[in-house]
Each structure stands twice: as structure tokens, then as C-alpha cells.
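So the chains spell out like this:
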Amino acid sequence: MSAILVLDDITVSFDGFKALNKLYLAIDEGELRSIIGPNGAGKTTMMDVVTGKTRPDLGKPLFRQEIDLSRMREAEIAQIGIGRKFQKPTVFEKLTVHENFELSLRGKRDIWHALRAKLSGEQRDKVTELVTTVGLRGQENRIAGELSHGQKQWLEIGMLLAQDPQVLLLDEPVAGMTDAETEKTAELFLSLKGKHTLVVVEHDMDFIARLGGKVTVMAEGRVLAEGTLDEVKADDRVVEVYLGR
Amino acid sequence: MREGPLFKSLGRNGQIALALFSFLALVLVPLLRLLPESAALYPSDYTVTWLGKIMCYMILALALDLVWGLTGILSLGHGAFFALGGYMFGMYLMRSIGHDGVYKSDLPDFMVFLDWKEYPWFWNGTQHFLWALLLVILVPGLLAFVFGFFAFRSRIKGVYFSIITQALTYAAMLLFFRNETGFGGNNGFTDFKRILGFDITSGAMRTTLFMLSAGLLLGSLLGSLWLARSRFGRILTAIRDAESRLQFCGYDTLWYKLSIWTISAVLAGIAGALFVPQVGIINPSEMSAANSIEVAIWVAVGGRGTLIGPLLGAGVVNMGKSWLTANFPNLWLYALGGLFILVTIFLPNGIVGLASTLRKRLGNTGAHK
């Protein structure tokens, strides 16, 4: 299998503090990778670098081995197929659920198109399908700001799917969800694996265990350990960063 | 959904209000103006000019609402675009004075006074009505485009953006205060005589300008409603509420912000161009920082993001201003400041918000009976 995303020795510093310190990470196409690590390990900064929000001081984030993401704007990166879910659920609060999906659907993004655009029958079907997938059927005309925390999380995941990205970066997707919602999310992610590449940052170890797959442990801006969840749990260095000496 | 024919989407009350306004402004008032001046129902020159002026302010408020209410970009410098539009048309008005100025010269009086022998280069062509109209659109539009491009590309947002727009209008005011700039210094332009050969003070001209203001108001309101109800409008709302989410959805928000910003500035400029022949003067005080803040107050009072609200806000505040400045001239600024504080605390959604709250309350009590 070939790597779809490679972070090649990335360094990012903020006022001398190295948020990422020669981080090397390679994600294979179609895999479901979990990333864990204590607060301040650089997990969110890593996603910022991949999505163009933060420029690396050193190193390159490469998509499909040849596209240098550090030279592109956020919107371009999204258009080539990298989607992102924020740590805090971020949806268009004053628009309806349906309209949130409308803006996220894959398609043209230019102004001329936006002035005349109407949803085609096919696109409406797609919205219905996605709304059903994320359990928001019947809520289409509600204002997104009125949804519960868990529903907003799902709406954002649904909006991500609407873009049909090749790579999904998910920052704490189950934070604030009930156990039942968490289980549904795990099922959803497992069903996406293979067709999409998923990178999940989470603190919820039960959720990570449910996802299976490879786990990367980050600490102080670099990779500390990599392997199955049981392997990394048995690693002394990992135990040390989590529990302290 | 919110798609569908624009007129239908206005709802019954909206349609009635729009039809009523069109009838009053474009049919009834012009007809009444045909009555003899002594008739009781004859609207005086003063009245139609005053209403025309307020309608220009309404268009300015609408322009600000497109960027502030819809897109979340608070401009405290829209007075600069309004005044620039006014100055551009003012150049044409100055040249139409011909030899009828105090000095009977080819040049406007202020240039004679400065001992200039010829027009500065940028006055070239301004004797042509159409060229002046083009400048009315191009100059505020170009300034907004360039200013907006650098500001939005540098991701200047929120209060920082508002502050630099204040600086923009203040800088423009200082520039226009200088006699050497070529726009009449602190006196600006005044003593206009005619438009397209017709006497600017004649009753027919007053009526025409009034109708043009009403027509522009109507057109820009419908255009803005159409924009707001298109996907473009929903994208603007999305920029206001979660710009980074939208970028990660693949939208380059720079161009969306820049286009609505430029459209808004052009609209403000056109309003200014209609304002100047009605009030008969344009000077740099129109670009004062306080003036632009006042526009934001109109929008806040009416209800931002509603498009209709800012028109009501501009109308109510300016009518109040006319009354107060006539009767208690010293109180105006206190009243304005107090109004702003009251609206911010008690009416976050302005007059429009108050109306819908009242309607809900009345509806609820009705349901209990």
C-alpha cells in the first residue's frame, strides 16, 4: 500500500516553543489511523499543517507523494480531497441542517456558480442519504444552532462526508457524545475505512480500541510510539508520558 | 427552503409594503407635485428633497448591512465611499455651472481663488454626464477593491478591520480638506446650477431626483434580497458564522468577501451621487469618522442582517435627527449615543427584532384564550 499522506520531518514553532519537532508521519491509503497523546503533544497543530492553516517552518506535508500542501491555501487543500472536522463542533449555526449540507456538497465553489446554483435532484438525494447516515433525518429544516452537542458533531461529520474527501482528519469526533452515539460513530468510521483514509485524534481509549487499527502516540511534537493499541500501551515511554514518573 | 421566486418569498406583508411604497413614491407623490403650489396636498420642494435625502441614507444603510449584517464585516468607513460617489458626481455638477460662478470663469470658483489656470488631470472628461456616472461607480469600487484585497488577504478581521476602515475615512477626509487636492478643500462643492441643462432647483428636477432615489432604493433592496436568498447569500452567512469551516469546505472566502465588500461600496457611492444634487453641497465633513459610525447606528437600530431593518433605522433616526436638531440642537449627539446604548442592551435585533418579538408574544396570549 502506498502512503497517501506523509508529514516529512515537520517543525512548527510558536515564539520559540516547538509545537511540532521533526514530526514524521506516514498514513497509508484507506487506513484508519488513531492518534493519541497528552495535551500539548501537537495533534491539532499537525492537522493545522495538513489543512494549510499553519505553515511549517521546516519539512513538507506531502499528499500522494508529490503535492506539497504547505504551498496551498486552505480552500485548495479542501478541494483536492482533504476534509477536516474541528475539535469544537463547527457548523453554520444560523443556517438549517439542509443548508449546511448544501454548502458542503462537492461541486463548484466559485461566485458565479453560487449566484445561480440550485440543488439538482441527484444532489437532493445525496443530502437525504447523508442526513440519514448521520441520524439527522427529520431535522433538515431545523436551524443548526439549535441542535444538541452530539448532533452538531454528527452534522459536521456529515458535512465532511458531503465533500467526499479522500482523507478525513477528525479532531476529537466523539467528545461530548453519549455512549450510544459514540458506538454509532465508531460503526460509521469503520464503514468508511477502505474507501476513505481516516485520521482520528481522540482521548477516549475505548473508542480507539473499538476502531482497532494502527495507533500513533505523539508527545512533545513528535512520534513517541506506533503500533496496535496493546503494543503502545505496553510501551514504557508511553506509560511515562501519560502517568508521569 | 428559501429558494423560489423572489417576490413570492417576501410574504404577504412584504409584498403589500413594497407595493405601497412603490405607489406612494413613484405615483402618488409625483402626481401631487403636479398640483398648484397653493394646494393643501402639494408636497413642498423642501419635503421631497428631505425625503429624497433620507432615501439616500437608507440606501447607504442597506449597503452597510450587506457587509455587516450578512457577512459580519463591520465597516466604520462607509461614509468615505458615500462621499466619494458624491464628489465624483459633484465634479460634473461643478462643471455644469459653466460661467455662472462668482468669478464668471471657465474654472470653478475655488480654482480661480487658488489661482489655478487649468483643470487638474483627473477633472478631464467630468463635463460629460456619462463619464461622471462611470466615475461614481468606478472610484469607490476601485478603492474598496484594493483596500479590501489587502485587508482580507492579510486576514484582518473583526474590530481590527473596523478600526482601519475608520482610519481610511479619516485619511480621506484629511486629504479632501487640503485645497491642493483639487476638490474644493474644506468648502467642498456647492452652488450647483443645473443637471443636463435643466435647472437643479426647479420643481421638476426635485421630483425627478426624488423618484430616482425611490427607484434606486427599491431596486437595491430587491437586488439585495435576491443576493441574500441565493446560495451566494448563504455563503456570506456562513462566512459570518464560521469562516474557517467554510474554507475547509473548499471555499476561498477572500473572493466572496471582496465581492460583497466592493458591491457594498459601489452602492454607497451611487447613494452619495444622488444625495449631493439634493442637498446641494458636498464637503469633507461627510467623511468624518463620526458620520460613518452613525450609519452603523442606523443599521443597529433597524436590525442588522434583515436588509429591511436598516432602511427603517435610517428613516427613524434621521427623522428624529431633523426634529431634534430643529428644536433642541444641543441634544442630538446625546440622543444618538443614548439610543445606541439602549438598542445594544435592549434591542439586539433592532426594530425588526422588536416587531417579531411582539408578534410572538401577542400570538402566544392569543393562543391561551
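These numbers were taken from a predicted model, which means no experiment stands behind them.

A. The overall build of chain B, seen in detail. Scanning chain B from terminus to terminus reveals 14 helices and four strands. For chain B, the C-alpha atoms occupy an extent of roughly 75 × 60 × 45 Å along the three principal directions. Across the 369 residues in chain B, those meeting the buried criterion constitute 43%. Partitioning the intrachain contacts of chain B with sequence separation of at least 6 by distance along the chain shows that 78% fall at a separation of at least 24.

B. Here's a closer look at the overall build of chain A. Scanning chain A for helices and strands turns up ten helices and ten strands. At 18 Å, chain A has a C-alpha radius of gyration in line with the 18 Å of a compact globule built from 245 residues. For the C-alpha atoms alone, the extent of chain A along its principal axes is close to 55 × 40 × 35 Å. Every one of the 245 residues in chain A was classed for burial, and the buried ones make up 44%. Across chain A, the fraction of contacts at a sequence separation of at least 24, relative to all contacts at a separation of at least 6, is 67%.

C. Here's a closer look at the pairing of strand β9 (residues 215-219) of chain A. Residue and element names in this part refer to chain A. Counting buried residues along β9, five of its five residues qualify, which places the element largely inside the surrounding structure. Of the two faces of β9, the one holding Val215, Val217 and Ala219 and the one holding Thr216 and Met218 are both buried throughout. One ladder, built from three bridges, connects strand β3 (residues 32-36) with β9; its direction is parallel. In the strand pairing of β9, isoleucine 35 is matched with threonine 216. As defined by bridge partners, β9 adjoins strand β10 (residues 222-227) across five bridges and the pair is classed as antiparallel. Directly across from threonine 216, in β10, lies its bridge partner glutamate 226. Here β9 folds back onto β10, and the loop between the two strands holds two residues, one of which, glutamate 220, carries a positive phi near 50°.

D. Representation of the interface of chain B and chain A within the structure. With 21 residues of chain B at the interface, the matching set in chain A holds 27 residues. Those elements that provide at least two residues to the side of chain B that touches chain A are α9 (231-248) and α10 (253-279) of chain B. It is α9(B) that provides the largest number of residues to the side of chain B that touches chain A, a total of eleven residues. Of the residues that constitute the side of chain B that touches chain A, the class distribution is ten nonpolar, five polar and six charged.

E. Spatial organisation of the sheet that holds strand β2 (residues 17-28) of chain A. Residues and elements named next belong to chain A. Strand order in the open sheet made by the four strands is β2-β1-β4-β5, with antiparallel pairing throughout. Across the chains shown, the open sheet's two edge strands, defined by having one partner strand only, are β2 and β5 (67-68). As judged from the eight bridges shared by strand β1 (residues 3-14) and β2, these two strands associate in the antiparallel manner. Considered in β2, the bridge of isoleucine 10 is made with leucine 23.

F. Representation of the sheet that holds strand β8 (residues 197-201) of chain A within the structure. Residue and element names in this part refer to chain A. Read across the open sheet, the six strands follow the order β6-β7-β8-β3-β9-β10; overall the sheet is mixed. In this open sheet, the two edge strands, each paired with only one partner strand, are β6 (82-85) and β10. With direction set aside, neighbouring strand axes in the sheet form an average angle of 20°. Packed on one face of the sheet, helix α10 (residues 236-243) meets β9 and β10 and runs near 125° to β10.

G. Structural context of the packing of helix α2 (residues 11-32) of chain B against helix α8 (residues 203-229) of chain B. All names here are of chain B. Two numbers describe how α2 lies on α8: the axes approach to 9 Å, and their chain directions differ by 165°. Taken together, the axis directions place α2 and α8 in an arrangement best described as roughly antiparallel. Crossing handedness for the pair α2 and α8: left-handed. Residue-level contacts link Ser22, Ala25, Leu26, Val29 and Pro30 of α2 to Thr207, Phe210, Met211, Ala214, Gly215 and Leu218 of α8. Of the residues assigned to the contact of α2 with α8, the class counts are eight nonpolar, three polar and no charged.

H. Representation of α10(B). Residue and element names in this part refer to chain B. Given a rise of 1.5 Å per residue, 27 residues ought to cover 39 Å, and the 39 Å separating the end C-alpha atoms of α10 matches this to within 8%. Within α10, 22 of the 27 residues are buried, which leaves it mostly tucked inside the rest of the structure. One or two residues past the end of α10 sits glycine 280, with phi positive at roughly 80°.

I. Expanded view of the nonpolar core. All names here are of chain B. The biggest cluster of nonpolar side chains holds 160 residues, and the ones touching the most others in it are Met58, Ile59, Leu60, Ala61, Ile235 and Ala271. In terms of residues, this core owes the most to one element, helix α3 (residues 45-70), which gives 17 residues. Non-local contacts of alanine 61, meaning those with residues more than four positions away in its chain, are made with Val295, Trp298, Val299, Gly302, Pro310, Leu311, Gly313 and Ala314.

J. Fine view of helix α13 (residues 332-346) of chain B. Relative to the 21 Å expected for 15 residues at 1.5 Å per residue, α13(B) spans 21 Å between its end C-alpha atoms, a close match to the ideal helical length. Of all 15 residues that make up α13(B), one are buried, and the element is exposed over most of its length.

K. Region of interest: the environment of Phe122(B). Following the sequence through the fold, Phe122(B) ends up in the loop between α5 (109-113) and α6 (129-153). Sequence separation between Phe122(B) and Met91(B) is 31 residues, and the spatial gap between their C-alpha atoms is 9.8 Å.

L. Quick peek at the environment of Lys117(B). All names here are of chain B. Take lysine 117: it is sitting in the loop between α5 and α6. The exposed category is assigned to lysine 117, around which 8 C-beta atoms lie within 10 Å. Between the C-alpha atoms of lysine 117 and asparagine 186, which are 69 residues apart in sequence, the distance is 21 Å.

M. Layout of the packing of helix α3 (residues 97-104) of chain A against helix α5 (residues 121-133) of chain A. Residue and element names in this part refer to chain A. One can describe the packing of α3 onto α5 by two numbers: an axis separation of 10 Å at closest approach and a directional angle of 115°. Note that α3 runs across α5; the crossing there is right-handed. The segment α3 lies against α5, with Val97, His98 and Phe101 engaging Val127, Leu130 and Val131. Among the residues forming the contact of α3 with α5, the class breakdown is five nonpolar, one polar and no charged.

N. View of the confidence of the model for chain B. For chain B, per-residue confidence averages 93 on the pLDDT scale, and residues scoring 70 or more make up 97% of the total. Among the prediction metrics, the complex's ipTM stands at 0.90, with pTM recorded as 0.92.

Rules used throughout
- The written sequence of each chain sets the order in which its residues are numbered from 1.
- To read the labels, note that chains go from A and ligands from 1, taken in the order they are written.
- Given that this is a predicted model, residues contribute local features only at a pLDDT of at least 70 and side-chain atom pairs are listed and counted only at 80 or more, while totals for whole chains, interfaces and linings are drawn from all residues.
- Where helices and strands are cited, they refer to DSSP runs of H or I of at least four residues and of E of at least two residues respectively, numbered from the N terminus.
- Any residue with 12 or fewer other C-beta atoms within 10 Å of its own C-beta is exposed, any with 20 or more is buried, and the rest are partly exposed; the C-beta atoms used are placed from the backbone.
- Contact between residues is assigned whenever the C-beta positions, reconstructed from backbone atoms, fall within 7 Å.
- Throughout, the radius of gyration refers to the C-alpha atoms, and the reference size of a globule is 2.2 Å times the residue count to the power 0.38.
- DSSP bridges decide pairing: two strands pair if at least two such bridges lie between them.
- Polar here means any residue outside two lists: the nonpolar Ala, Val, Leu, Ile, Met, Phe, Trp, Tyr, Cys and Pro, and the charged Asp, Glu, Lys and Arg; Gly therefore counts as polar.
- Only the stretch in contact is used when a helix axis is fitted, and all axes are lines through C-alpha atoms; the angle between N-to-C directions ranges over 0 to 180 degrees.
- By the definition adopted for this analysis, an angle is roughly parallel if under 35 degrees, roughly antiparallel if over 145, roughly perpendicular if from 65 to 115, and oblique otherwise.
- Note: crossing handedness is left-handed where the near helix turns anticlockwise from the far helix by less than a right angle, and right-handed where it turns clockwise.
- How far a helix is expected to stretch is found by multiplying one less than its residue total by 1.5 Å.
- Residues of type Ala, Val, Leu, Ile, Met, Phe, Trp, Tyr and Cys that are buried and joined through C-beta atoms within 7 Å form what is called a nonpolar core.
- What pLDDT reports is the predictor's confidence in each residue, on a scale of 0 through 100.

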